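The residues making up each chain are set out below.
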Amino acid sequence: MSYLIKLHPEITIKSRSARRQMTRCLTGNIRTILRRHDERIRVRDQWDSIRVRLPAGLSRELTATIEDDLARIPGIQEILAAEDVPFVSLDDIAARLVPLWRPLIEGRRFRVKAKRRGRHDVTSEDIERHLGSALLHAAPSARVDLGHPEVVVPVELTNDRVQVIRARWPGIGGYPLGVQGQALALISGGFDSPVAAWRMMRRGVKTHFIFFNLGGPAHEAGVREVTHHLWARYGASHRVRFLSVPFEGVVGEILRSVPDGLMGVVLKRMMVRAAGRVAQRARIPALVTGDAIAQVSSQTLTNLGQIDAASPVPVLRPLLTEDKQAIIDQARDLDTARFAETMPEYCGVISRRPHIRTDAQRLEAAEADFDFSVLDAALEAAVTTRSDRLGEPARALGEVLTVDSPQALSAMHAPCVIDIRAPAQQEAAPLEVNEVPLLEIPFYELQDRAPTLPRDRQYLLFCDQGVMSRMQALHLADRGLEHFGVYRPESR
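Here the residue index of a chain counts from 1 through its sequence in written order. With pLDDT at 70 or above as the cut-off, local features in this predicted model cover only qualifying residues; side-chain atom pairs require 80 or more to be listed or tallied, and sums for whole chains, interfaces and linings still use all residues. The side-chain figures draw on all heavy atoms in the structure; neither hydrogens nor water molecules are used.

## Digging into the pairing of strand S1 (residues 2–7)
No. 1: Accessible area is worked out with a 1.4 Å probe on protein chains only. A residue is then buried under 20% of its type maximum, exposed over 50%, and partly exposed in between. By definition, any uninterrupted DSSP run of H or I lasting at least four residues is a helix, any uninterrupted run of E lasting at least two residues is a strand, and each is numbered from the N terminus. Within S1, six of the six residues are buried, leaving the element largely enclosed by the surrounding structure.
No. 2: Neither face of S1 is open: one carries Ser 2, Leu 4 and Lys 6, the other Tyr 3, Ile 5 and Leu 7, and all of them are buried.
No. 3: Being paired, for any two strands, means DSSP has found at least two bridges between them. Bridge analysis of S1 against strand S4 (residues 76–86) gives six bridges, and the strand direction is antiparallel. Within the sheet, the bridge partner assigned to Ser 2 lies in S4 and is Ala 82.
No. 4: Of the strand pairs in this sheet, S1 and strand S3 (residues 49–53) are connected by five bridges, and their pairing is antiparallel. When the bridges of S3 are listed, Lys 6 appears paired with Ser 49.

This is how it looks when you write it as structure tokens:
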């Protein structure tokens, strides 16, 4: 079994030296990925294509897996499954070709496309006429269309060998991974950031990942899963790094020191500031984000410019002009949408009246009271994981006690409700619980204060959607504080 790998057209128009470099890189990437399945697989650069030969005896399931892998390697435009046999006669080629292609051309317009190398008694036109006639005789409902065929039947004759294509399917195109340098992608697990990272990978950029954790182990587990999926399917030829930065303390400092309308932009500035430092240390020249113009208030052109100003390296935005639905559609194609659809929406700060045209002076004033040692501490506490280890089974996060009615609450032994919303939210919509103690501890203070609370009570965390409270309870349980649960009244 063999395959002909056709290069992305943008590779073929490069200078001879650039094309040679890219083809060698693509050959190496294919070899790295396929030899995980069988060391006997051979991959050879043929200048205008790459030949992949499989050893005899591979199972149908493994062959299908290899074909799927080829379709997801950046730099490949098309994969052709080929049968390479001695050239005996045109009738012999027709006998091999007709059973393979008759079902594909029935009722459709087709043409035979022949390529010939070496000295032969027949021309390419002779081959096309002979094989086209044989196919037309076998499939009377088909018709020949040389100008606009629906199906092209390829045949290649090289010296005394003929290559009959039994099937063909598209690759993802782009450039071979690694030929365009490196970037560091900010990833959150939603629809946008995995698609943005994939677009960079498809253009040949070796893409590392940085995650700013706002929700404890439950949040991180979901983002690690989608990152591993993206890397394993589209970038496994190169190991990259996944950096997890605990950012709850930074969020808490923003909520304490930054005016309400600027909190969202300042949070993004802190993220790109931190990511830029990581990139500089690793000699990575650019950041990548999933921002799209005007998708949220922090993504107006003015605010994006102010966010960029905080980064010491350029910020690239592959999705800048995309519609949200187009991004979601591509996420479904990449099979990352299923992760986003089950990922809780976790926003660190929510401004009631966000500024959509923030200026530099306001931001400088807003950040003047920010304690940057908190940001330094977050980076010091960051944990790096190799991409090939992201798929290792994580410790089970378990479940937490959830109470959904005042009656159940009052029936518990020594319950206490903790409202973990930000002070502005607590003030705007006060929580009422009858005959049960109520504490107001914003979520960004909870992890520090929880160990000091008496352990003879069952504490139930409350927030508007129940997402933040569950994540915080899981985070506390991960630290051994298992007397925390969630209060999620049905009426809210």
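## Comments concerning the pairing of strand S8 (residues 161–170)
Side-chain direction in a regular strand flips from residue to residue, so the side chains alternate between the two faces of the sheet.
No. 1: Bridge analysis of S4 against S8 gives nine bridges, and the strand direction is antiparallel. Each bridged residue has a counterpart across the sheet, and for Ala 81 the counterpart in S8 is Ala 167.
No. 2: Taken together, the four bridges between strand S7 (residues 151–158) and S8 define a ladder with antiparallel strand orientation. Following the sheet pairing, Glu 156 is matched in S8 by Gln 163.
No. 3: Counted between consecutive antiparallel strands, the loop separating S7 from S8 contains two residues, among which Asn 159 sits at a positive phi close to 55°.

## Here's the deal with the side chain of His 483
No. 1: Tracing the sequence through the fold places His 483 in the loop between helix H18 (467–478) and strand S19 (484–487).
No. 2: Only heavy atoms enter the contact rule, under which two residues are in contact if any of them lie within 4.5 Å. Residues within four places of His 483 in sequence aside, it is in contact with Pro 454, Arg 455, Arg 457, Gln 458 and Tyr 459.

## Focus on the sheet that holds strand S15 (residues 402–403)
No. 1: What the five strands build is an open sheet, ordered S15-S19-S18-S16-S17; its pairing is parallel. Either end of the sheet is taken by a strand with one partner, and the two such strands are S15 and strand S17 (438–440).
No. 2: Sheet topology places strand S16 (residues 415–419) next to S17; three bridges connect them, and they run parallel. In the strand pairing of S17, Val 417 is matched with Leu 438.

## Overview of empty space enclosed by the protein
No. 1: A pocket here means an open set of points on a 1 Å grid, computed over the protein atoms alone, that has protein on both sides within 12 Å along at least five of seven lines. A cavity is instead a set of points where a 1.4 Å probe fits but cannot get out; residues with an atom within 4 Å of a point line either one. Grid points are joined across faces, edges and corners, and a volume is the space filled by probe spheres set on the points. This structure, assessed with the given rule, holds one cavity of 30 Å³ or more.
No. 2: The calculated volume of the largest cavity comes to roughly 60 Å³.
No. 3: In this structure, the largest cavity is lined by Ile 33, Arg 36, Asp 69, Arg 72, Ile 73, Pro 74, Ala 232, Arg 233, Tyr 234, Gly 235 and Ala 236.
No. 4: Counting residues per element, the lining of the largest cavity draws most heavily on helix H7 (residues 216–234), at three residues.
No. 5: Considering only residue class, the lining of the largest cavity consists of six nonpolar, one polar and four charged. Throughout, the ten residues Ala, Val, Leu, Ile, Met, Phe, Trp, Tyr, Cys and Pro are labelled nonpolar, Asp, Glu, Lys and Arg are labelled charged, and all others, Gly among them, are labelled polar.

## Quick word on helix H6 (residues 192–202)
No. 1: With respect to burial, H6 is a largely interior element, nine of its 11 residues being buried.
No. 2: Within H6, burial applies to Asp 192, Ser 193, Pro 194, Val 195, Ala 196, Ala 197, Trp 198, Met 200 and Met 201.
No. 3: Buried positions along H6 lie against strand S9 (182–186), strand S10 (206–213), H7, strand S12 (287–288), strand S13 (315–316) and helix H11 (324–334).
No. 4: Of the residues flanking the end of H6, it is Gly 204, one or two places downstream, whose phi is positive at about 90°.

In short, the description is geometric, and any link to function would need to be established separately.
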